[in-house]
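For reference, the chains in residue letters:
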Amino acid sequence: MSVNLRIPGPTPCPDDVLQAMSRQMINHRGPEFQEIITRITSSLQQFFETKNDVLTLTSAGTGAIEAAVVNTFSPGDRALCVSIGVFGDRFADIAQTYGVNVEKLSFDQGTAADPDAVAAALKKDASFKAVLLTHNETSTGVTNDLGAIAKAIRGVRPDILILVDAISSLGSVPLPIDAWDLDVVFTGSQKGWMVPPGMAMVAVSQRAWKAVDQARIPRYYFDYKKAKSYLEKGQTPWTPAVSVYFAMDVALQKLQKEGLKNIHERHARLGQFTRDSVKAMGLKIVPGEERYASNTVTAVWVPDGVDGPALNKMMRTEYNTVLAGGQGPLTGKIFRIGHLGFVSQEDLQACFDALKQALPRVGYSPVAAAR
Ligand SMILES: *Cc1c(COP(=O)(O)O)cnc(C)c1O
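Starting from 1, residues in each chain are numbered consecutively following that chain's sequence as written. Totals for whole chains, interfaces and linings use every residue, but because this is a predicted model, local features are given only for residues with pLDDT of at least 70 and side-chain atom pairs only at 80 or more, for both listing and counting. Only hydrogens and water are removed before side-chain values are computed, so all heavy atoms of the structure are retained for them.

In this structure, what is going on with the site of the ligand? I would like to understand it.
Taken together, Ala-60, Gly-61, Thr-62, Phe-87, Arg-90, Asn-136, Thr-138, Asp-165, Ile-167, Ser-168, Gln-190 and Lys-191 form the complete shell of residues around the ligand. Counting of polar contacts relies on pairs of N or O atoms within 3.5 Å, with two restrictions inside protein: one atom must be capable of donating a hydrogen and the other of accepting it, and residues adjacent in sequence are counted only when both atoms are side-chain atoms. In the model, an oxygen atom of the ligand is placed 2.7 Å from a nitrogen or oxygen of the Gly-61 main chain. Thr-138 has a polar side-chain atom sitting 2.5 Å from an oxygen atom of the ligand. Mapped onto the shell around the ligand, the elements with two or more residues apiece are helix H3 (61-72) and helix H4 (86-97). Residue classes in the shell around the ligand are distributed as three nonpolar, six polar and three charged. Being near a molecule or strand, for a residue, means having at least one of its heavy atoms within 4 Å of it. Going along the chain from the N terminus, every DSSP run of H or I of four or more residues is numbered as a helix, and every run of E of two or more is numbered as a strand. Residues are sorted three ways: Asp, Glu, Lys and Arg are charged, Ala, Val, Leu, Ile, Met, Phe, Trp, Tyr, Cys and Pro are nonpolar, and all the rest, Gly among them, are polar.

Okay, here's the thing in C-alpha cells:
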C-alpha cells in the first residue's frame, strides 16, 4: 500500500510527472530547454492570471521570499509586514536580515488579517515602501481575503509595492494577480503544482521592475534582472534543476487539461469535505471563522487527552498516513492535513478512515472532547 502523504508540501506527484524526471539530461543552453522554459513560462502566466513577467528560480519557496526582498529594497527602506503566523513572521525576518526597517502588524493565530487595520497602519505612517503579505498561512490553515486587503491598501497608497507569499495558494485557489494589482507574487513547485521541490515561480509587475532598478541590497544568485535577460534567450542565469523543469512541463499540461476553474472548484470542494469530516468526528479546526479556512490545508486542534506527536506517529507507522504537525507556538497543539495539488476525495476519505481508528487508540473520547 502506498503512503498517503497528507502534508502541505511536498505533495504527491502523478506517475507521469515523476517519470518525466527520469529523462536523460539536456543542454540547458540548447534549443530543447528553450522550448520547455518558454512553454512553462506562458502556461504559468495563464495560471497566475497575469501579463506580468514570470520568472522561474531553482530554489525552495524561501528562496523566492528572499529574492522578493533583495530585488525590491534598499537597506533602511520601510516595510509593513502583515503576519498571521509562522510564514508571515518568516517574511519579516528575511526582510530584517537584509536591513529593511520592518513594522509588523500581527494578528492572532487562527485569524485572518483585517483589511481596515492594514489601511489604518498605512494611513498612520506614509513612509512605507511596501506591504509584505501571506495569502495562505500554511501554519494555521487560514487564507487571507487578499482581494479585499489589496483593495484597502490601494485605497490609501495607490502606488505602494505589494509583495505576496502565495507559496501554498497560487494555482489551487483563486488569485488573479492583475485584477488584484499585486506586484510580486511567488509560489513553489512542491505545493499545489504536483511537482517535486526545486522550483520557485514569481510574477513581477511593471511597478516592481521600477523598484528593482532602484533597490540597493546586494544580490547575485537571485537577481531578477539577470533572470529576465536570460529568459529572453530561453535560459536561466545558472544551471537550473533541469529534471524539475521536465516535471513542471508535464504537470502544467495536465493542469491545463483540468482547467483553472475546475482546479479551484476541486480544492474548494475538498476543503469543505475535510472540514465537514473533521467536525463530524467532534474535532475543531484552528481558524476561528470558517470563511477564512484554507482550501489547501486544514489545521485541527489536538483534542484534550491526546498527545499530538503520538497521534501523528501512529498514523504514520500503523496507517501509512503522513500528517503534518504544528509549527512555532502551535507545535504539539495541532495537526494539519494537506489537500492541495494531486489529491482526490478518496485520498482524504482514506485519511479520515485511518484517523477514526487511530484517535481512540491515543486516548481520544469524543464525549470528553464535546464537554
Ligand atoms: C511551504 C511554504 C513556505 C516555505 O517553502 P520552502 O520551500 O519550504 O522554503 C513559505 N511560505 C508558505 C506560505 C509556505 O506554505
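That covers the picture; the talk isn't over yet.
I keep staring at the sheet that holds strand E8 (residues 161-165) and nothing clicks. Help me out?
Strands belonging to one sheet form pairs held by backbone hydrogen bonds; the direction of such a pair is parallel or antiparallel. With mixed pairing, seven strands are arranged side by side in an open sheet as E2-E10-E9-E8-E5-E3-E4. The two strands at the open ends of the sheet, each matched to only one other strand, are strand E2 (53-58) and strand E4 (101-106). If you compare each strand with its neighbour and ignore which way they point, the axes differ by 20° on average. Across the face of the sheet, helix H2 (residues 31-47) comes into contact with E2 and strand E10 (199-204) while running at roughly 125° to E2. Whether two residues are in contact is decided by their heavy atoms: any pair within 4.5 Å suffices. To get an axis, a line is fitted to the C-alpha atoms, and for a helix only the part in contact is used. The angle between two axes follows their N-to-C directions and goes from 0 to 180 degrees. Against the sheet, helix H8 (residues 224-231) makes contact with E2, strand E9 (184-188) and E10, and its axis sits at roughly 105° relative to E2, the strand it touches most. Strands are labelled as partners when DSSP assigns at least two bridges between them.

How should I be thinking about the pairing of strand E11 (residues 297-301) in this particular structure?
Regular strands place their side chains on alternate faces of the sheet. Within E11, four of the five residues are buried, leaving the element largely enclosed by the surrounding structure. As paired strands, E11 and strand E13 (residues 334-338) are joined by five bridges and run antiparallel to one another. Within the sheet, the bridge partner assigned to Thr-298 lies in E13 and is Ile-337. Any residue under 20% of the maximum accessible area for its type is buried, any over 50% is exposed, and the rest in between are partly exposed; the area is computed with a 1.4 Å probe on protein chains only.

Looking at this structure, how should I read the environment of Gly-88?
Counting through the fold element by element, Gly-88 comes out in helix H4. Using a relative accessible area of 0% as the deciding quantity, one classes Gly-88 as buried. Sequence separation between Gly-88 and Leu-105 is 17 residues; the distance between their C-alpha atoms is 9.8 Å. Setting aside its immediate chain neighbours within four residues, Gly-88 contacts Cys-81, Ser-83, Thr-134 and Glu-137.

In this structure, what is going on with the domain arrangement of the chain? I would like to understand it.
Size of an interface, as often reported, equals the accessible area lost when the parts are brought together. Domain annotation of the chain identifies domain 1 (4-9 + 259-365) and domain 2 (16-256). For domain 1 and domain 2, the distance between their C-alpha centroids amounts to 26 Å. Every contact between the two is made by 26 residues of domain 1 and, on the other side, 27 residues of domain 2. Carbon and sulfur atoms supply 63% of the area that domain 1 and domain 2 bury against each other, a total of about 2,100 Å² over both sides. Note on terms: buried area is the combined drop in 1.4 Å-probe accessible area of two parts once they are placed together, counting the loss on both. It is Leu-260, His-264 and Tyr-292 that lose the most area in domain 1 upon contact with domain 2, and together they represent 25% of the buried surface on that side. Whenever a carboxyl oxygen of Asp or Glu lies within 4 Å of a side-chain nitrogen of Lys or Arg, that contact is scored as a salt bridge. Where domain 1 packs against domain 2, one counts zero salt bridges. Between the two partners, domain 1 and domain 2, sit 10 residue pairs in polar contact (both at pLDDT 80 or more). Breaking the side of domain 1 that touches domain 2 down by element, the ones donating at least two residues are helix H10 (260-280), E11 and E13. No other element matches H10, which puts four residues into the side of domain 1 that touches domain 2. Residues of the side of domain 1 that touches domain 2, tallied by class, amount to 14 nonpolar, 11 polar and one charged. Boundary definitions for the domains trace back to an automatic or database domain assignment.

Is there a simple way to explain the environment of Lys-226 in this structure?
Assignment of secondary structure puts Lys-226 in helix H8. Each C-alpha atom of the pair Lys-226 and Asn-295 lies 35 Å from the other, and the pair is 69 residues apart in sequence. Not counting residues up to four positions away in its chain, the partners in contact with Lys-226 are Tyr-220, Pro-237 and Trp-238.

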